[in-house]
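Residues per chain are reported as follows:
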Amino acid sequence: MAKEGAQRAEETEQMIEKEGGKEGGEGSAAGSLRAGDAKEMRAVVLSAFGGLNKLRVSKKAMPEPQEGELKIRVKACGLNFIDLMVRQGNIDNPPKTPLVPGFECSGIVEALGDSVKGFEIGDRVMAFVNYSAWAEVVCTPVEFVYKIPDDMSFSEAAAFPMNFVTAYMMLFEVANLREGMSVLVHSAGGGVGQAVAQLCSTVPNVTVFGTASSFKHEAIKDSVTHLFDRNADYVQEVKRISTDGVDIVLDCLCGENTGKGLSLLKPLGTYILYGSSNMVTGETKSFFSFAKSWWQVEKVNPIKLYEENKVIAGFSLLNLLFKQSRGSLVKGVMDKLLNLYTNKKIKPVVDSLWALEEVKEAMQRIHDRGNIGKLILDVEKAPTPLVS
């Protein structure tokens, strides 16, 4: 580990030096690049699919808003597990590289494209972006942009859209969560897991079963009703407490957990797959891990679903937004979520802040399943060289 830490420290220092950080007035990469061409910006660039070494901070031409778009001066960006899968090329129909990753950000409106209404220059906003979020400036259609409440920080705003919209839509739009129901959520310490726990607390008498790495238990034990080690036999643990099982299973793991989740469903229960993190077992894409996870997936028999009165569903927020044109539906959900935030019912959990130049280290923390809540890229943060 010390050797790996020293290697990452050297890479970080080399990146800072290459991007001109040692020429800035205070030694930061941000200062030197902003002193350059005003039409250029810093951005995280994925040069090719693969490991962490495929990421680096580079100068890119600054985008300008097209009709119906907003130009946002980015303050913070969210990191999600899907970003690891994008980096590996471990998704359906991956885009061509090089590309700027990232799907959500927060910042300040800097310019308005033609026909944009409802926003003004200077507005504090958060937004979904179809890639290219990890940069100093982004442009995105107005339908994917939302104003930030006055008491919400930029880091909280960058942690809000993906996690809370995903959690809300699975619980209330797909599974119809109601009073007295029970929910099993995997990765309870992650961004979506914590959002699920908070949203469940807004409904009376909802029991939340969660799985997470044991070292996270102390930090998140108050957010769920029953907490199990992710490597334990959680099926038997759940059935010991609730012999009939649960009403809702939220699965971001896939593989063998699909069959386990279906086995735990009560009649009229709903199983929702919204991720496949079991397919990511290392820094680069592994055909063996993919094949193993896929082979372990329960082969669903519709007749069995019919006989057992069970529902199986899938949810992808990014596909809903960018491929299936449901931005207006998501806008309605966001309005409800912001109302819950304003009434102090929910609050994003931010694990840690990282400079753009520290994106490799931030991604490694997700690989290690070390985060509790959301990791944030803080665009204005100066990188801190690591030590061995």
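Structure's up top.
Residue positions are given per chain, counted from 1 along the sequence in the order it is written. Under the rules for a predicted model, residues below a pLDDT of 70 receive no local features and side-chain atom pairs below 80 are neither given nor counted, while totals for whole chains, interfaces and linings still include all residues. The basis for every side-chain value is the complete set of heavy atoms in the structure, and neither hydrogens nor water enter the calculation.

## Examining empty space enclosed by the protein
Spelled out, the test is: Only protein atoms enter the 1 Å grid used here, on which a cavity is any set of points holding a 1.4 Å probe that cannot leave and a pocket is any open set flanked by protein within 12 Å on both sides along at least five of seven lines; residues with an atom within 4 Å of a point are listed as lining. Grid points are joined across faces, edges and corners, and a volume is the space filled by probe spheres set on the points. Only runs of H or I of at least four residues qualify as helices and only runs of E of at least two qualify as strands under DSSP, and these elements are numbered from the N terminus. Residues are grouped as follows: Ala, Val, Leu, Ile, Met, Phe, Trp, Tyr, Cys and Pro are nonpolar; Asp, Glu, Lys and Arg are charged; every other residue, Gly included, is polar. Just so you know, the domain bounds were taken from an automatic or database domain assignment.
Scanning the model with the defined rule gives two cavities of 30 Å³ or more in all. Roughly 50 Å³ of internal volume is contained in the largest cavity. Lining the largest cavity, in full, are A159, N163, F164, G191, Q194, A195, Q198, P348, V349, G373 and K374. For the lining of the largest cavity, the secondary structure elements donating two or more residues are α5 (161-174) and α6 (191-200). Ranked by the residues each element gives to the lining of the largest cavity, the list is headed by α6, at four residues. Classifying every residue of the lining of the largest cavity by side-chain character gives five nonpolar, five polar and one charged. Looking at which domains feed residues into the lining of the largest cavity, each of domain 1 (40-161 + 348-378) and domain 2 (163-322) gives three or more.

## Points about the nonpolar core
To keep things clear, this is the line we draw: Throughout this description, the term nonpolar core refers to a set of buried Ala, Val, Leu, Ile, Met, Phe, Trp, Tyr and Cys residues connected via side-chain atoms within 4.5 Å. Three labels apply to residues, based on accessible area from a 1.4 Å probe with only protein chains included: buried if under 20% of the type maximum, exposed if over 50%, partly exposed otherwise in between. Only heavy atoms enter the contact rule, under which two residues are in contact if any of them lie within 4.5 Å.
In terms of nonpolar packing, the biggest core is built from 98 residues, with F128, W134, F160, L250 and L337 touching the most fellow members. Counting residues per element, this core draws most heavily on α5, at eight residues. Counting contributing residues per domain, this core is built from domain 1 (40-161 + 348-378) and domain 2 (163-322), each supplying no fewer than three. Residues in contact with W134, not counting those within four places in the same chain, are A43, V44, C77, G78, L79, D83, V100, P101, G102, V359, M363 and L377. By size, the runner-up hydrophobic cluster in this structure holds 12 residues, among which are L184, F209, V238 and Y271.

## Observations regarding the pairing of strand β8 (residues 182-185)
To be explicit about the condition: One bridge is not enough; two strands pair if DSSP finds at least two bridges between them. A crossover gets the label right-handed when its path from the first strand over the helix to the second runs clockwise, viewed with the strands pointing away from the viewer.
Side chains of β8 alternate between two faces, with S182 and L184 and V183 and V185 buried alike. Sheet topology note: the β8/strand β9 (residues 207-212) ladder contains four bridges and is parallel. Across the sheet, V183 pairs through a bridge with V208, a residue of β9. On the question of chirality, the crossover connecting β8 to the parallel β9 by way of α6 is right-handed.

## Observations concerning the pattern of salt bridges
Pairing of side chains with opposite charge becomes possible as their charged atoms draw close. Defined as follows: By definition here, a salt bridge exists when the distance from a side-chain nitrogen of Lys or Arg to a carboxyl oxygen of Asp or Glu is within 4 Å.
Evaluation of the coordinates by the stated rule reveals 16 salt bridges. Ionic pairing is found between R73 and E110, a salt bridge with its closest N-O pair at 3.0 Å. Taken together, the residues span a long stretch of sequence, with R73 in strand β3 (residues 69-79) and E110 in strand β4 (residues 104-112) at a distance of 37 residues. Three or more residues joined by partner-sharing salt bridges are found here, namely E64, K71, R73 and E110.

## Thoughts on the sheet that holds strand β10 (residues 226-229)
Note the following rule: A fitted line through C-alpha atoms serves as each axis, taken over the contacting stretch for helices, and the angle formed by two N-to-C directions is quoted from 0 to 180°.
Strand order in the open sheet made by the six strands is β10-β9-β8-β11-β12-β13, with parallel pairing throughout. Strands at the two margins of the open sheet, each flanked by one partner only, are β10 and β13 (311-314). Looking at each pair of strands side by side, their axes are set apart by 15° on average, direction ignored. The strands touched by helix α8 (residues 234-241) are β8, β9, β10 and β11 (246-251); relative to β10, the strand with the most contacts, the crossing angle is about 155°. Here helix α9 (residues 256-264) sits on the sheet and contacts β8, β11, β12 (265-273) and β13; the angle it forms with β12, its principal contact strand, is near 150°.

## Structural notes on helix α13 (residues 327-342)
The α-helix advances 3.6 residues per turn, and as a result positions three or four apart in sequence lie on the same side. For clarity, the threshold we go by: Take the number of residues in a helix, subtract one, and multiply by 1.5 Å to get its expected span. Each direction from the helix axis to a C-beta atom contributes to the arc, which is the arc of those directions.
With 16 residues, α13 should reach 22 Å at 1.5 Å per residue; the first-to-last C-alpha distance of 22 Å fits that figure. Residues of α13 that are buried: G327, V330, V333, M334, L337, L338, L340 and Y341. Summarising the axial view, the buried residues of α13 lie within an arc of 150°, below the 170-degree limit, and thus occupy one face. At the exit of α13 stands K344, carrying a positive phi of roughly 60°.

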